[in-house]
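Residue-level listing of the chains:
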Amino acid sequence: MTSETVDVRARTPVAPDGRLGAAPLHPGLSDPAYVRRRDAIAALAEGHEVGAPSPPVAYTEREHETWRQVHAALTAAQQDTVCRAVLRARDTAPIPADHVPQHAEVGDRLHELTGFRFTLAGGLVPDERFLGSMARGYFHAVQYVRHPAMPLYTPEPDVVHDVFGHGTHLSAPWFADLYRLVGAAASRVSSEDALDLISRVYWFTLEYGVAFERRRVKAYGAALLSSYGELGQLHRADIRPWAVERVVNTPYVAAGYQPVLYAVRSLDHVADVLHDFLDEFDEGTRDRLGLPTHDERGAVT
Ligand SMILES: [Fe+2]
């Protein structure tokens, strides 16, 4: 992130197997009709106020078919690669098998379960707005669907990512508590340095977190839950023990497969470490803990 969404045309080409720059352009990048459709859906978010209803999208049959293909593949892939508690959350989540759900459909169910709703994003969402809205129970989500020619891979987060990943999380009260925790911490600060520290912690937990379960590495991060390819490649990732001082020193690129993942001992441990770090987080945390500052490129300074 915390660029939750990015300009599809600005992304580095990434192969489905994770090799940066080694792939031909993603079909979505060279299909003007797709880009127009994607941009038209994204444009619905212009001027959108957090908490206002998302305008409904008249999805095409082709988009519904892409959803159905991904739904079938992800549901199968998650079975052996995702933490059990997350699978239980998924079973209560608003993830229909046969159609792309509208934000209202997802939000109404999430609200029943945890008080969260989706709020509309159309592209890059600044950290302050993206993270801060979580404190008030709103998660920024997009509405466009990935390109149909490559349904199991997308170069940018799409509605599949937001529903399968964050929709699953926000169906479980204990996950929703962590989103609110991140949001509350972000709401107490305004500097880029402080928001960047929070975004790195968020990235290596709620987006790309993994946990040990019966001595095996299982996914719980939303980006992994919604990525068929990455679930199949978990064994190839460089898995390191999760620690605040490690993740805040690890810049990330919100593109392609993440080469390094940080594993917690258990999902209970995720909650413990996030509360330890974020409960009292403020502008003074960086100095008190001796954490690094970051220049504009995200490099540690
Ligand atoms: Fe995400």
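Cut-offs and rules
Residue indices begin from 1 for each chain and proceed along its sequence in written order. Where local features are concerned, this predicted model is filtered to residues with pLDDT of at least 70; where side-chain atom pairs are given and counted, the filter is 80 or more; whole-chain, interface and lining totals use all residues. Side-chain measures here rest on the full set of heavy atoms in the structure, leaving out hydrogens and waters. Where helices and strands are cited, they refer to DSSP runs of H or I of at least four residues and of E of at least two residues respectively, numbered from the N terminus. Contacts are assigned to residue pairs with any non-hydrogen atoms lying within 4.5 Å of each other. All accessible areas in this document rest on Shrake-Rupley with a 1.4 Å probe, and a residue is counted as covered only by the protein chains that are shown. Exposure categories follow from relative accessible area, calculated using a 1.4 Å probe and restricted to protein chains: below 20% of the type maximum is buried, above 50% is exposed, and the middle band is partly exposed. Residue-level confidence of the predictor, termed pLDDT, takes values from 0 up to 100. By definition here, a salt bridge exists when the distance from a side-chain nitrogen of Lys or Arg to a carboxyl oxygen of Asp or Glu is within 4 Å. Each pair of strands is called paired provided DSSP finds at least two bridges between the two strands. Whether a crossover is right-handed comes down to one check: with the strands pointing away from the viewer, does the path from the first strand over the helix to the second run clockwise; if it does, it is right-handed. Geometry of aromatic contacts follows a simple scheme: Phe, Tyr and Trp rings, the Trp one being its six-membered ring, pair when their centres are within 6.5 Å, and the pair is stacked under 30 degrees between planes, edge-to-face over 60, tilted otherwise. Two limits define a charge over a ring: the Lys NZ or Arg CZ must be within 6 Å of the ring centre, and within 35 degrees of the ring normal. Axis lines are fitted through C-alpha atoms, for helices just across the contact stretch, and the angle between N-to-C directions can take any value from 0 to 180 degrees. Each angle receives one of four descriptions, namely roughly parallel if under 35 degrees, roughly antiparallel if over 145, roughly perpendicular if within 65 to 115, and oblique otherwise. Crossing chirality is assigned from the near helix's rotation relative to the far helix, an anticlockwise turn below a right angle marking it left-handed and a clockwise turn marking it right-handed. Polar here means any residue outside two lists: the nonpolar Ala, Val, Leu, Ile, Met, Phe, Trp, Tyr, Cys and Pro, and the charged Asp, Glu, Lys and Arg; Gly therefore counts as polar.

Caption draft 1: Spatial organisation of the overall build of the protein. Secondary structure assignment for the protein yields 13 helices and six strands. Long-range pairs, those at least 24 residues apart, make up 68% of the contacts in the protein between residues at least 6 apart in sequence. A total of about 12700 Å² of accessible surface is found on the protein, and carbon and sulfur atoms cover 52% of it.

Caption draft 2: Representation of the side chain of threonine 285. With respect to the helices and strands, the residue threonine 285 is situated in helix α13 (residues 285–289). Residue threonine 285 is classed as buried on the basis of its relative accessible area, which comes to 4%. Beyond its immediate sequence surroundings of up to four residues, threonine 285 is in contact with Phe277 and Glu280.

Caption draft 3: Molecular detail of the confidence of the model for the protein. The predicted model of the protein has a mean per-residue pLDDT of 86, with 87% of residues at 70 or higher. Predicted confidence for residues 1–24 stays below pLDDT 50, and this span has 73 contacts to residues more than four positions away or in other chains.

Caption draft 4: Molecular detail of the pattern of salt bridges. Using the criterion set out here, one finds 16 salt bridges in the structure. Where arginine 37 meets glutamate 63, a salt bridge forms, and the shortest distance between an N and an O atom there is 2.8 Å. Here arginine 37, found in helix α1 (residues 32–43), pairs with glutamate 63, found in helix α2 (residues 61–78); they are 26 residues apart in sequence, far enough to count as distant. What makes glutamate 63 buried here is its relative accessible area of 10%. By sharing partners, the salt bridges in this structure join Arg38, Asp39 and Glu156 into a single network.

Caption draft 5: Inspection of unusual backbone geometry at higher detail. Phi is positive for arginine 214, close to 50°, though the residue is something other than glycine. Its place among the elements puts arginine 214 in the loop between β3 (210–213) and β4 (216–219). Look at arginine 215: it is not a glycine, yet its phi comes out positive at around 70°. Within the secondary structure, arginine 215 sits in the loop between β3 and β4. Judged by its relative accessible area of 83%, arginine 215 is exposed.

Caption draft 6: Layout of the pairing of strand β2 (residues 138–141). Across four bridges, the pairing between strand β1 (residues 117–120) and β2 is parallel. Across the sheet, leucine 120 pairs through a bridge with alanine 141, a residue of β2. Once you follow β1 into helix α5 (residues 127–134) and on to β2, the crossover reads as right-handed.

Caption draft 7: Quick look at the packing of aromatic side chains. Applying the stated criterion across every chain yields a total of 12 aromatic pairs. The aromatic ring of tyrosine 144 is capped on one face by arginine 38, whose charged end is 4.3 Å from the ring centroid.

Caption draft 8: Summary view of the packing of α5 against helix α7 (residues 173–187). Packing of α5 against α7 brings their axes to within 6 Å, and their N-to-C directions diverge by 130°. With respect to α7, the axis of α5 lies oblique. Both α5 and α7 take part in a crossing whose hand is left-handed. Touching Leu131, Gly132 and Met134 of α5 are Tyr179, Arg180, Val182, Gly183, Ala186 and Ser187, all from α7. A class-by-class count of the residues in the contact of α5 with α7 yields five nonpolar, three polar and one charged.

Caption draft 9: Expanded view of the side chain of arginine 90. Among the secondary structure elements, arginine 90 is positioned in helix α3 (residues 84–92). Contacts of arginine 90, omitting those with residues within four sequence positions, involve Thr75, Gln78, Gln79, Ile95 and Thr168.

Caption draft 10: Examining the environment of histidine 269 more closely. Tracing the chain through its elements places histidine 269 in helix α12 (residues 267–278). Between the alpha carbons of histidine 269 and alanine 211 there is a distance of 9.0 Å; along the sequence they are 58 residues apart.

Caption draft 11: Highlighting the environment of leucine 291. Position of leucine 291 relative to the elements: it lies in the segment after α13. The class of leucine 291 is buried, set by a relative accessible area of 10%. Each C-alpha atom, one on leucine 291 and one on valine 248, is 7.6 Å from the other, the two residues being 43 residues apart in sequence. Once residues lying within four places of it in the same chain are set aside, the contact partners of leucine 291 are Leu197, Val248, Phe277 and Arg286.

Caption draft 12: View of the sheet that holds strand β6 (residues 260–264). Across the sheet, four strands lie side by side as β4-β3-β6-β5; this open sheet has mixed pairing. Edge positions in the sheet fall to β4 and β5 (238–241), since each of these pairs with one other strand and no more. Each strand of the sheet is rotated relative to its neighbour by a mean of 45°, with strand direction disregarded. Two strands pair when backbone bridges link them, and β3 and β4 are joined in this way by four bridges, in the antiparallel orientation. Across the sheet, alanine 211 pairs through a bridge with lysine 218, a residue of β4.

Caption draft 13: Region of the structure containing α3. Along α3, the residues classified as buried are Ala85, Val86, Leu87, Ala89 and Arg90. Packing partners of the buried residues in α3 comprise α2, α6 (159–169), α7, α9 (222–225) and α12.

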